[in-house]
Each structure stands twice: as structure tokens, then as C-alpha cells.
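What follows is each chain in one-letter form.
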Amino acid sequence: MEVASIIMLLYCLGRSRACEICQVGDNGMSVESLPVKDHPFYQGLHRGHLLYLRCDVCNRALPYGASLCSRCPESTIRWESSAGLGQVRGRATYHRSYRENLPAPYDVVVVQLDEGPRLLGRLSADAESVKAGARVRAQIDRDELVFVAE
Amino acid sequence: MVKRASAKSAIVGLGFSELSRKSIGSARKLAADAVRDAMVDANLRPCDVDGLLINRSPLVDPASMPLALQDDLQLANLRLLSSIEGQGSSAVQMVQYATGAIRAGMARTVVCVFADTPLQSQGGGQAFAAPLAISGIPDWEAQCGLYGAPGAYALAADEYLSYYGLDRDCLGAVAMSDREWAVRNPQAFLRKPLDLAQYQASPWVVEPFRVLDCAYPVNGAVAVVVTSSRRAPNIAERPAYVHGMGQGHAGSAAQAEAHDGLPPLGAGLAGRIACDMAGVAPKDISACQFYEAFSITTLLVLEANGFCEPGAAGDFVKAGETSPGGRLPCNTGGGHLSGYYLQGMTPLAEALIQVRRQGGERQLDDVALQLVTGNGGRLDYHAALLLGSEPRL
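Each value, and the rule that gives it
- Residues numbered from 1 in each chain as written.
- Chains lettered and ligands numbered in written order.
- Predicted model: local features only at pLDDT ≥ 70, side-chain atom pairs only at ≥ 80, totals over all residues.
- Helix = DSSP H or I, 4+ residues; strand = E, 2+ residues; numbered from the N terminus.
- Buried ≥ 20, exposed ≤ 12 C-beta atoms within 10 Å, placed from the backbone.
- Contact = placed C-beta atoms within 7 Å.
- Pairing = 2+ DSSP bridges.
- Nonpolar A, V, L, I, M, F, W, Y, C, P; charged D, E, K, R; others polar.

Asker: Would you take a moment to explain the overall build of chain A for this structure?
Answerer: Each helix and strand in chain A was counted, giving two helices and eight strands. Written out in order from the N terminus, the α and β elements of chain A read α-α-β-β-β-β-β-β-β-β. Counting over 150 residues, chain A shows a buried share of 29%. For chain A, long-range pairs separated by at least 24 residues make up 41% of all intrachain contacts whose partners lie at least 6 apart in sequence.

Asker: I would appreciate a short explanation of the pairing of strand 11 (residues 381–388) of chain B in the present structure.
Answerer: Residues and elements named next belong to chain B. The element strand 11 is largely enclosed, with a buried count of eight among its eight residues. Of the two faces of strand 11, both are covered, the one formed by Tyr381, Ala383, Leu385 and Leu387 as well as the one formed by His382, Ala384, Leu386 and Gly388. Taken together, the eight bridges between strand 8 (residues 240–249) and strand 11 define a ladder with antiparallel strand orientation. Counted as the bridge partner of Met245 is Leu385 from strand 11. Looking at chain direction, strand 10 (residues 370–376) and strand 11 are connected through seven bridges and run antiparallel. Opposite Gly376, over in strand 11, you have Tyr381 as the bridge partner. Counting the residues that bridge the hairpin from strand 10 to strand 11 gives four residues, and of these Gly377 lies at a positive phi of roughly 65 degrees.

Asker: Please clarify how the environment of B:Asn219 should be interpreted in this entry.
Answerer: Residue and element names in this part refer to chain B. Mapped onto the elements of the fold, Asn219 is located in the loop between strand 6 (209–210) and strand 7 (220–227). For the pair Asn219 and Arg191, spaced 28 residues apart in sequence, the C-alpha separation works out to 18 Å. In this view, Asn219 contacts Ser20, Ser23, Ile24, Leu30, Thr117, Pro118 and Leu119; residues no more than four positions away in its chain are not counted.

Asker: For this particular structure, what's the right way to read the interface of chain B and chain A?
Answerer: Interface size is often expressed as the accessible area that is lost when the parts come together. Listed as interface residues are 28 residues of chain B and, on the opposing side, 27 residues of chain A. It is helix 5 (residues 148–164) of chain B that provides the largest number of residues to the side of chain B that touches chain A, a total of seven residues. For the side of chain B that touches chain A, the residue count by class is 16 nonpolar, seven polar and five charged. As paired elements, strand 4 (residues 85–94) of chain A and strand 5 (residues 204–207) of chain B share two bridges and run antiparallel to each other. For A:Thr93, the partnering residue across the bridge sits in strand 5 of chain B and is B:Glu207.

Next up, the structure:
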């Protein structure tokens, strides 16, 4: 998947005009088209930080994926470091494995970070008792993020 | 008091390809079969059709359902031709755009078609295993192991059930209600009676979903013919009149700030706009045909449309209100869970069958006003239609 997107990016950069496929234009690349590891969120994880977005003007935390603040559309938005604490809102348990290094059963959770945004994440294998409503903490280890019971 | 207006358009033809769990040809071929069937149903020739709208599955290559479907069907005089992409809301959207075009004078007789072939020789699971992008972070779903639409909907289901402290049998109640209808529908694929013990014995897919909480995919195509409400009685014996239309797209439901414990759904907005257009309230709706690829959707959409208080839809379904004999029959052909999964066409086709009084054992007495919904993404993109048996409400 990653290799494919890099190939697509190179293909698009090779074209002179703005490309509809990945929206790489004359003024550089859009965030969406960056190879995954260059995305600020992944760069943050690499440095051991859980990043989220905030508006520079109204200082409101914004959902992941936002490219502007809906209240101050002319302002800039910035990545900030989260304390990594939050509450599980929903949990899904996979009973089938889709890739070798992720054997079933495993849990995916939606966590409402204390700063506001909702973040998808994997639940630590030893956090089996953590259910919706439970407090969790982000644990980052070698670019990998899991949530553990707080 | 809103004035009740006359119908905006009418659906005068319904056509099916073969529906099968086996490989029965390409989506393009099946689409042509369904369109031909719909034209025969409406007693129209290709030269009578001047609009074609196409809906392919969002999961497939666009080239599998090209605009050149026009040439397969020898539609030489089109004044309207487009592919509509609103994910699971597309089928309802096609009828809406056809209605708009007809009322604006752009076209008179518009065919809308959907086709999909998710089941190939390697089985159906692969087609639905791709991660659904709900996180806002590129490729993050795969990193987290959130593969397939079932996982994304399972998170919504667990959040809903946990917030209101409901048990998982609420989901089972939806599966059982659908099955009760499917038992009465010869076109449905899962027709054996289903009780709670059998539901609870169904294997997990992604907890809280069991296999029986998920849509039953088939290969096939469905087409409908839309025309003006004025012309409709000359074409069809029992046209289905379009009284209300609405869409609601509230932004990513997975990331939006929760209100009342739950993310906002565009479904409520879509339904409200449709009701306002028709000059009716939810209490005037006699039956619902929901896009419910997963059992949870029926509960959420019942509440979003004001049929139940927040958190009360599970009890409503458990009490049999959506089942045969209930106060608000829902998914009367068995829906996506027990009927067949052809995305937005499953609920639309069933509503038409009911208006035409071709429902056999499952035929409803009251078909004055049905709500038909579509939803796509992870509960992100919503569209609604209000269909009635009479040109005036």
C-alpha cells in the first residue's frame, strides 16, 4: 500500500500540471498525498509524541483530518503534543486476523482525548478489561501507539 | 402547518438482473440486464429513455461501470448521463437528481441503475476487507488493524450500546425482525426462521457484530425508471410517487464532537428535509425501508428520524414494532441482513414492490407513505426519499 502510494506520488510529480489523482500541484504537495511516514502525525509518533491539531486563533482543538478551523477559516492550524490521556468511547474486538503481525483476537478503540479530538487506536493486549467509558493512556514504543488502562 | 404539495416525480419501472451468490457476469452486463428489465416493466423502448444515471459500488474500479453502458443499451438520445457517487446514499441520490432534472425540463424519462459483483471465485470477504477511512490520518486504520466496514460500524455500535447501557440483544432484535420479513419474501436469500438463541450462536465477525448483524452480499443489479408525476399514470398501473427528498452530510461521524453522547448523524437532517418538502411529520410515515448494511443502522436511523427517543430504538424493535404486525414495519423484504445486499437499491426496490402491491405474503395494507434511506461512509452520507401510492398526500 505504501509502495503503491509512493509510486503514485512519483508519477504525479513527474507531470507538469496539477494532478487530480493525488492533488500534487505546482505549489508542492498536499498533506493527503505525502507518503505516510512524512505525515506530521507519524513523525510525532517517531519522536515519541502523540500529536493533534489546534487552531492558532481561537485555540480550539480540531478533529484529525481538518485542514482549516471551521470558525476561523483564515487562521493557521498547528500540531500540538497531547498528554495522551482520554476516555474509551467504543471498542471493537476482531476475531479474525487480517495480517500476520496482528493475530486475532485484538481490540480497536475510539478514544476521546482529554484535549478534545477523537482518535482511533489499538488497545494493548493486556488491557482486556478496558471497555467504553474507561480511562486510558497512550503508550508509544518504536513508532507504535497502543492504549493502556490508566 | 406546511401545505401538502403534489408529488415531485414518480417511479414507473423496476427491473432486476439475476441475483446470485455465484459469479454470473460483470457488473456492466448485469446493469444492462436490469435496465432492460425495467424498460420492459414500464413498457418503454430504448428510444423513449432520455436520461441514464449510474451507481457503482464505491469499492470497485470506475471502469467497471462506464458511461458507455449507454451504448450497451443502445440509448442514442440521452439528454442526461452521469455517474453518481455518494457511496451508500447514491441510489436514493440518483432518484433525487433524476427528479430535479425532470422538473427542470432537462429530461423526461430517466433510468437509474446500480450493479455490483462483490462475490467472485475467491469469496466475498475480500471485497469488504479494505479499511474504511474514518480516522482522518492517512493509512492509520490499517495501522490500528481496523479492516473492513464491519469494524468501523462495530465501533459505532459499541459506543451507542455502551452510552445508553443497552444489551447486545438489541442488535439481534433487528436481525430477527428482518428475518421475519424475509421468511415471507421468496426473493430473500436467508429465509429460515431465526430465534434469539440462533442469533447468539452466530459467529463473531468484529464484536459486537456477529455474522447475522452484517449484510448478505449478492451479485446483481437493480434499475428504476423515473418520470414526471403527470406522465406516470399513463405509463404504470401503480406508480410510486416521490413526495419528499433530502440529504444530510454532517461531516465524519467518527470524528465529530459528540452531543448527547453520540456523534451527530446527517440522517436526521435528510429525513427532516424530506418531511418538510412533503408537508408531513414522521408520525405520518407508514413504513420504512432503511439502508442497514449492519444491524446498528436501523436503531440509529429510527432515532435520528424521530420514530424513537434516543436510546429507545432497541426496545422498540424488541417489542416487535418493526416486524410483521408492528406499528412501523421496517425493511419488509428482509433488508440487507436477510434479503440481499445491493446497497441503496435493496430498500428502494422493496418500497416500490410494496407500492405496486406485489409483496405477496409480506404485502403491507398501508403504503400511503414510506421512508426510504441511503447511507454511506461510516454513517457519514445520508439521503432520504418519501414514496407514496398517490399523487397527492
